Amino acid sequence: MKEFNINSLVRKNILELQPYISFRDNNKFENPVLLDANESPFGEFNRYPDSTQKKLKQKLSEIKNVAADQIAVGNGSDELIDLIIKVFCEPKKDSILMMNPSFAMYGFYASINENKVIKLDLNADFEIVKDDFLKISKDFKSKVFFLCSPNNPTGNSVKDIEFYIKNFNGIVVVDEAYIEFSGKESCIDLLEKYPNLIVLQTFSKAWGMAGARVGMAYSSAEIIRLINTVKAPYNVNSLSSNKVIELIDKQENVNIESILNEISWLENEFQSVNCIKKVYPTNANFFLIEFEDVEKVYEKLLEKEILTSKRSPQIPNCIRINVESREENIQLIEVLKSI
């Protein structure tokens, strides 16, 4: 990677943009009379939430060993993906690079912003071919590279991930939505080494808080300041922030072990399912499975109101299936064995 200059990557109008600053959240008062925000004086949630999420960032700082000013909090990781593209990619001019197949929302938000989406095709084992990466990076000079690890929908972790961070002349976003299930080290540990790195995590998966919509970006203080400049003033609500803080205090993400046990149980059960052709290795809380007759399997599961994610034809004959409770997993296996 060449010498990193953040200003050369950021859109000029973003560099000149003045962020929304809540006077209330950026000053300390003992007993304020709040007449500044046109709120109602009545109701349990009548006041706007802290626009800077100070308490939540402090909690995250403690458990992740990252400075609070290196953390941005979003309305799910989706909002942060959108904001990153808005910060760095000039509409109708710049492009993003993403693995193929991978999480579709990278391309979705880039397309909304009128940025070209360059897809780096994975090999038969859903791994990146390094020579292909180097060539496509040189040819297209994309501004942002989205690396999903473990990857959705394939389930595998990216090998030698540091190679891609140091050999991409732009912003590398490592999406670690499923990192807790993988047993791998987080790229948060690489933030001091690589100033072009952004790491995304979420409370939606291992923490069981998908309904709260809370995602996090970890990066340099400089990049986080830019993300906070373009975010909506009150993008994370009080209920979600308070619930996440409560979960962190109670350390209630202990269900990871239960899910890992279910993964092992399902791997064993899949071996006796005749309609399965191949089960791909997973580092996430889901399996990508190739079936002999994917349409028949998908429709049979749907008849029994078992909802799965059909990935065919993009990934031929494959369905992505989430790991759930033992009761629900038994229902899945029973239907599959009946086909």
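Note: the structure precedes this text.
Residues numbered from 1 in each chain as written. Predicted model: local features only at pLDDT ≥ 70, side-chain atom pairs only at ≥ 80, totals over all residues. Heavy atoms only, no water.

## Side note on the pairing of strand β2 (residues 95-100)
- Counting buried positions over the six residues of β2 gives six, a clear majority of the element.
- Relative to strand β3 (residues 116-121), β2 runs parallel, the two being bridged by six bridges. Within β3, the residue paired with Leu-97 across the bridge is Ile-118.
- Running through helix α5 (residues 105-112), the crossover from β2 to the neighbouring parallel element β3 is right-handed.
- Alignment of β2 against strand β4 (residues 144-148), held across three bridges, turns out to be parallel. Its bridge partner lying in β4, Leu-97 is registered against Phe-145. (Buried < 20%, exposed > 50% of the residue type's maximum accessible area, 1.4 Å probe, protein only. Helix = DSSP H or I, 4+ residues; strand = E, 2+ residues; numbered from the N terminus. Pairing = 2+ DSSP bridges. Right-handed = clockwise from strand over helix to strand, strands pointing away.)

## Quick word on the nonpolar core
- Phe-88, Ile-128, Phe-145 and Leu-147 are the most contacted members of the largest nonpolar core, which has 78 residues in total.
- The biggest single contributor to this core is helix α4 (residues 76-88), with seven residues.
- With residues up to four places along the chain from it excluded, the contact list for Phe-145 reads Leu-97, Met-98, Met-99, Leu-120, Ile-128, Phe-133, Tyr-164, Phe-168, Ile-171, Val-172 and Val-173.
- Listed in part, the 29 residues of the second largest apolar core include Val-294, Leu-301, Ile-321 and Val-335. (Core = buried A, V, L, I, M, F, W, Y, C linked by side-chain atoms within 4.5 Å. Contact = heavy atoms within 4.5 Å.)

## Some details on the packing of aromatic side chains
- What the rule picks out here adds up to 15 aromatic pairs.
- Aromatic pair Phe-23 and Phe-29: ring centres 6.0 Å apart, planes at 45 degrees, arrangement tilted.
- Phe-29 gets classed as partly exposed once you look at its relative accessible area, which sits at 45%.
- Centroid distance Phe-133 to Phe-145: 5.4 Å. Interplanar angle 25 degrees. Geometry classified as stacked. Note that Phe-133 is positioned in helix α6 (residues 130-140) and Phe-145 in strand β4, a separation of 12 residues in sequence.
- With relative accessibility at 0%, the residue Phe-133 sits in the buried group.
- Phe-145 gets classed as buried once you look at its relative accessible area, which sits at 0%.
- Following the ring pairs from residue to residue traces out a cluster consisting of Phe-133, Phe-145, Phe-163, Tyr-164 and Phe-168.
- Taking NZ or CZ as reference, Lys-310 lies 5.0 Å from the ring centre of Tyr-298, over its face.
- Its guanidinium or amino end placed over the ring of Phe-286, Arg-320 lies 5.8 Å from that ring's centre, counting from NZ or CZ. (Phe/Tyr/Trp six-rings, centres within 6.5 Å; stacked < 30°, edge-to-face > 60°. Lys NZ or Arg CZ within 6 Å of the ring centre and 35° of its normal.)

## Here we look at the state of the cysteines
- All told, the structure shown has zero disulfides when counted by the stated rule.
- As a non-bridged cysteine, Cys-187 has Cys-148 as the owner of its nearest cysteine sulfur, 12 Å distant. (Disulfide = S-S within 2.5 Å.)

## So, the packing of α4 against helix α8 (residues 221-230)
- Two elements in contact, α4 and α8, have axes separated by 9 Å at closest approach and are oriented at 100 degrees. Taken together, the axes of α4 and α8 lie roughly perpendicular to each other. Taken together, the residues of α8 that come into contact with α4 (itself represented by Leu-80, Leu-83, Ile-84, Val-87 and Phe-88) are Ile-223, Leu-226, Ile-227 and Val-230.
- A class-by-class count of the residues in the contact of α4 with α8 yields nine nonpolar, no polar and no charged. (Axes fitted to C-alpha atoms, helices over the stretch in contact; angles between N-to-C directions. Parallel < 35°, antiparallel > 145°, perpendicular 65-115°, else oblique. Nonpolar A, V, L, I, M, F, W, Y, C, P; charged D, E, K, R; others polar.)

## Quick look at the pattern of salt bridges
- Counted by the stated rule, this structure contains 19 salt bridges.
- Notably, a salt bridge pairs Asp-78 with Arg-213, separated by 3.2 Å at the nearest N-O pair. Of this pair, Asp-78 sits in helix α4 while Arg-213 sits in the loop between β6 (197-202) and β7 (215-218), and the two are 135 residues apart along the sequence.
- You can call Asp-78 buried: its relative accessible area is 19%.
- Looking at Arg-213, the relative accessible area reads 29%, which means it is partly exposed.
- The salt bridge involving Lys-135 is made with Asp-139; its shortest N-O contact spans 2.7 Å. (Salt bridge = Lys/Arg side-chain N within 4 Å of Asp/Glu carboxyl O.)

## Let's talk about the layout of surface pockets
- By volume, the largest pocket amounts to about 660 Å³.
- Along the walls of the largest pocket sit 29 residues, with Lys-205, Asn-285, Arg-320, Asn-322 and Glu-324 positioned nearest its centre.
- The set of elements that each furnish at least two residues to the lining of the largest pocket consists of α4, β11 (318-322) and α12 (326-338).
- Counting residues per element, the lining of the largest pocket draws most heavily on α12, which supplies four residues.
- Size it by volume and the second largest pocket reaches roughly 520 Å³. (1 Å grid on protein atoms, 1.4 Å probe; cavity = no way out; pocket = protein on both sides within 12 Å on 5 of 7 lines; lining within 4 Å. Points joined across faces, edges and corners; volume = space filled by probe spheres on them.)

## A word on the sheet that holds strand β9 (residues 286-291)
- Taken together, four strands build an open sheet; the order of strands is β8-β9-β11-β10 and the sheet is antiparallel. The open sheet terminates on both sides in strands that have one partner only, identified here as β8 (276-279) and β10 (309-310).
- In this structure, β10 lies alongside β11, joined through two bridges in antiparallel fashion. Within the sheet, the bridge partner assigned to Lys-310 lies in β11 and is Ile-319.
- Across the face of the sheet, helix α10 (residues 256-270) comes into contact with β8 and β9 while running at roughly 10 degrees to β9.

Read these as spatial facts, not as claims about activity.
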